[in-house]
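Fold and geometry: a report
Next come the chains, spelled out residue by residue.
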Amino acid sequence: MEIFSPVESDFISKQGTEQQNTLIPYVLVDNFPQLGLITALRFLEWVYDNPEGVISLPTGKTPEYFIRWTQFLLKNWDNKKGKKLLDKYGLKLTSKPDLSGLQFVQIDEFYPINPKQKNSFYNYVNEFYIKDFGLDPAKAMFINVDEIPLSNNKTYQEVFPDLKVDLSLRYREAKTQQERCQKRSIFMIDEWCARYEEKIREKGGIGFFLGGIGPDGHIAFNIKGSDHFSTTRLMETNFETQAVAAGDLGGIDISKNRLVITIGLQTITYNPEAVAIIFAAGEAKADVVKNALENAPSNQYPASVLQKLKNARFYLTKGAAVKLHDSLNSYYSGDWSKEKTEKAVLDLVKKLNKYGHHLTLNDLKNDPYCSRIPDLDDKTVSRVIGSIKNKLSKGMRKEEEQRYYHTGPHHDDVLLGILPYVSHQLRQATNTFDFSILTSGFTAVTNRFIINALRDILVFFERDEIQMVHYPDFYQTGYKHKWDKDVYHYLGKVASGEPIERKRGLSHRLVRAIVDIYSIKNTEDLTTQIIKIIHVLEHSYDGEKNPPEIQKLKGMLREFEEELVWAHFGVRVENVHHLRLGFYTGDIFTEQPERSRDVMPILEQLRAIKPTVISLALDPEGSGPDTHYKVLQAIAEAVRIWGKDEDLSKLRIIGYRNVWYRFHPAEADVIVPVSLNSLAILDETFTDCYLSQVEASFPSYLLDGKFSTLAQQIWIEQMKHIQLLLGKNFFYENPSPHIRAAHGLVFFREMNVDTFLQQARELEKSMEGF
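Residues numbered from 1 in each chain as written. Predicted model: local features only at pLDDT ≥ 70, side-chain atom pairs only at ≥ 80, totals over all residues. Heavy atoms only, no water.

1. Brief notes about the overall build of the chain
As a reminder of what qualifies: Strands are runs of DSSP state E lasting at least two residues, helices are runs of H or I lasting at least four, and both sets are numbered from the N terminus onward. A radius of gyration in this sense is built from C-alpha atoms; the matching globule rule multiplies 2.2 Å by the number of residues raised to 0.38. By definition in these notes, contact holds between two residues if any of their heavy atoms fall within 4.5 Å. Accessible areas in this description were obtained via Shrake-Rupley with a 1.4 Å probe; residue shielding takes into account the shown protein chains only. Charged residues are defined here as Lys and Arg on the positive side and Asp and Glu on the negative side; His and the ends of the chain fall outside this count. To locate a charge, the coordinates of NZ of Lys, CZ of Arg, CG of Asp or CD of Glu are taken.
Along the backbone of the chain there are 28 helices and 16 strands. For a compact globule of 770 residues, the expected C-alpha radius of gyration is about 27 Å, and the chain comes in at 28 Å, within 12% of that figure. Each principal axis of the C-alpha distribution contributes one length, and for the chain these read about 80 × 75 × 60 Å. Taking the contacts inside the chain whose residues are at least 6 apart along the sequence as the reference set, 78% of them involve residues at least 24 apart. When the accessible surface of the chain is split by element, carbon and sulfur atoms take 49% of a total near 31900 Å². Computed over 94 positive and 102 negative side-chain charges, the separation of the two mean positions in the chain equals 2 Å.

2. So, empty space enclosed by the protein
To find the voids left in a structure, one rolls a probe of water-molecule size over its atoms. To keep it simple, the criterion reads: Here a cavity denotes grid points, spaced 1 Å and computed from the protein atoms alone, that fit a 1.4 Å probe unable to get out, and a pocket denotes an open set having protein on both sides within 12 Å along at least 5 of 7 lines; residues with an atom within 4 Å of a point are the lining. Grid points are joined across faces, edges and corners, and a volume is the space filled by probe spheres set on the points.
One pass over the structure, following the stated rule, counts three cavities of 30 Å³ or more. By volume, the largest cavity is sized at about 80 Å³. Surrounding the largest cavity, 13 residues form its lining, Arg657, Asn658, Ile714, Trp715 and Gln718 being those nearest its centre. Looking at the lining of the largest cavity, the elements with two or more residues in it are helix H16 (413-425), helix H25 (707-726) and strand S16 (742-751).

3. Considering the pattern of salt bridges
Using the following cut-off: Here, a salt bridge means any side-chain nitrogen of Lys or Arg that lies within 4 Å of a carboxyl oxygen of Asp or Glu.
According to the stated counting rule, one finds 46 salt bridges in the structure shown. Among the ionic pairs, Arg383 bridges to Asp377, the shortest N-O distance being 3.1 Å. For Arg607, the salt bridge identified is with Asp645, shortest N-O distance 3.2 Å. With Arg607 in helix H22 (residues 595-609) and Asp645 in helix H23 (residues 626-645), this residue pair connects regions lying 38 residues apart in the sequence.

4. Description of the packing of aromatic side chains
To keep it simple, the criterion reads: For Phe, Tyr and Trp, where Trp contributes only its six-membered ring, two rings pair if their centres lie within 6.5 Å, and the inter-plane angle classes them as stacked under 30 degrees, edge-to-face over 60, or tilted in between. The buried label applies to any residue whose accessible area, calculated with a 1.4 Å probe on protein chains only, is under 20% of its type's maximum; exposed applies above 50%, and partly exposed to all values in between. Charge-over-ring contacts are defined here by two conditions on Lys NZ or Arg CZ: a distance within 6 Å of the ring centre and an angle within 35 degrees of the ring normal.
Under the criterion given, the structure shown has 37 aromatic pairs. On the basis of an interplanar angle of 35° and a centroid distance of 6.1 Å, the ring pair of Phe43 and Phe133 is categorised as tilted. Pair noted here: Phe43 is in helix H2 (residues 32-49) and Phe133 is in the loop between helix H5 (121-131) and helix H6 (156-159), with a separation of 90 residues, a long-range link. Taken individually, Phe43 and Phe133 each receive the classification buried, so the pair is uniform in this respect. Through a chain of ring-to-ring contacts, three or more aromatic side chains come together here, namely Phe43, Trp46, Phe66, Phe104, Tyr124, Phe128, Tyr129, Phe133 and Phe208. Over the ring of Tyr65 we find Arg68; its NZ or CZ atom is 5.6 Å from the centre of that ring. Between the NZ or CZ atom of Lys340 and the centre of the ring of Tyr331, over which it lies, the distance is 5.4 Å.

5. Observations concerning unusual backbone geometry
The residue after Tyr111, namely Pro112, is reached through a cis peptide bond having omega -5°. Note that Pro112 resides in the loop between strand S4 (108-111) and H5. Look at Asp464: it is not a glycine, yet its phi comes out positive at around 55°. Tracing the chain through its elements places Asp464 in the loop between helix H17 (447-462) and helix H18 (483-496). Under the relative-accessibility criterion, Asp464 is labelled partly exposed at 38%. In the Ramachandran plot, Lys482 falls in the positive-phi region, its phi being about 60° despite a non-glycine side chain. Residue position: Lys482 is located in the loop between H17 and H18.

So this is what it looks like as structure tokens:
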């Protein structure tokens, strides 16, 4: 029996996907944009057959390409461009689907939140689905917080003035008048949720559900541990979910205290004929995907509830599917490679928790993947050990007369990715270094941090401790000079242990930035402008998009932070570049890179610097922040153009990963030993320089703390893996002091230009047509 739709079958045939052995069928695609394309095609295929069906569509960044491709297909349905795409992917309909009859059901919402805020899901679904897809709002079911009744007809601001809802009031005695009002209101919200659930069931349940999958495996806001028979409800979330929501809400401090209203797992599966699709991109999702597809239904794996639906599907990039048994079997089939041998042996030592020199030939033969190694013998492990040792040797080589061009999508990416490697090469006087941060990074700075920094400036003004404003030409041209002095001043106070003076150093740089941004002409106007900025930020909701001038101010703060980092190692301010590429806007969906705006600034630097080594964040599937793969596109295009008039045959490309996405040691070409000293330098440098990031307002879901701490943990985990293969004695008895001192390892890939451009080209092809 054919279980896949025509569109799904077409994608499967193009991918050559082998027989599936999972509990939910899935479709593989190459990357994030293609994930959006298949989802859009399948959605329109379903709508054609169900023009008045009930649909629930997701929010956040994951649906970006689903939304873009759906809009593109509807707009170009009858022209040559649209028909070509429809024919290519097997969507053969006699007429354009009409979306106006669909009944939309909102999946979830933060509680409480003003529905008019741009970061509310109510606003999102109205903007991108109701408006852009042409849905009828009269047929939709919304979670509009303003319309959920509370005790005595009060607003949520009156009932929950600090925007915190204490669900323990469901069970405990209310001790104050305010708590009694809150307790009644919570029960009224519960009642509203029950009615919402009832209305969905009256419609026959959801016919088409599309959702992402969270880092803990959640679908909608049904976090790990959710009952498979759960219905629409008001609930708390867990840290992993809060960390992901921090970007929407303006920081982890807000998301930790914000509840959610979500449809339940039974809500999603109530209609036995429902088409329920989960889409996921990148290796970061590989574990939760494996758990949902290969384990029996369990509250620990929320998406495993979809196993009861015959029309449930997972749409996955190859990275997201990499840990499935099917993917492993496919990977180890066909032509063999050295990388496959290394991966099989490295995975085996980890699975058996057995040192490499203790592995027997029977261990290898009994493993389903090692047993496939050609010419398998008792020397196989030794050959893998030799290969890993060679990678370590590459990580310790001294480079001379190289011109390094280190790039980061965001501030701190290079530091968190390859600091031990960079710091080692910085010691060679014949090498030159340029660091280029390609986006402004303002979204990583909270309003609260800027407010506090601006208030510090006002205090220093009162004490007359920012004396540079007294120079006669300061407001004309003086503010443009000695920006490097701000860096030196700040780091000097780090050395002497003077925190107040460090704040004064930051104040100097922010004063220069404000004068530059707002064209300030005197100290009185400067003070007035600072007060205005504070007022704007204090009257902004958490997570609100800032005005362009404040975005620039936040970005210039991040630029100062990056200059501080590399000044630690003697790099001049003039060699730390801030490109501020224009696609980075702070909107929910950033724009695609454009040649003139985003590629040419990189190309100009390549032509001026003529690097022999370029480093970049290698995220070809778009699995980390979307900035990563958009920057990758821009760099690749700049390198391609540069190659037309420059011989790049000797150019090396270093592809690194950090806290978002990591290499398997078999994938890496270079392994860099990391000493305790380097681990300490990473954390100290991060803490001293990335001032706005120390509080970890936008943390990884893997750790409630600083990114530097997470990077340390990753490097240490990588060390433990290699120790299993090589043995601990290889390290502590090694003749090399670099190896003996190692307590962590950094992995990266080294490519020639052709290999790099081939990877980037595959991603670019998937987005052609927009």
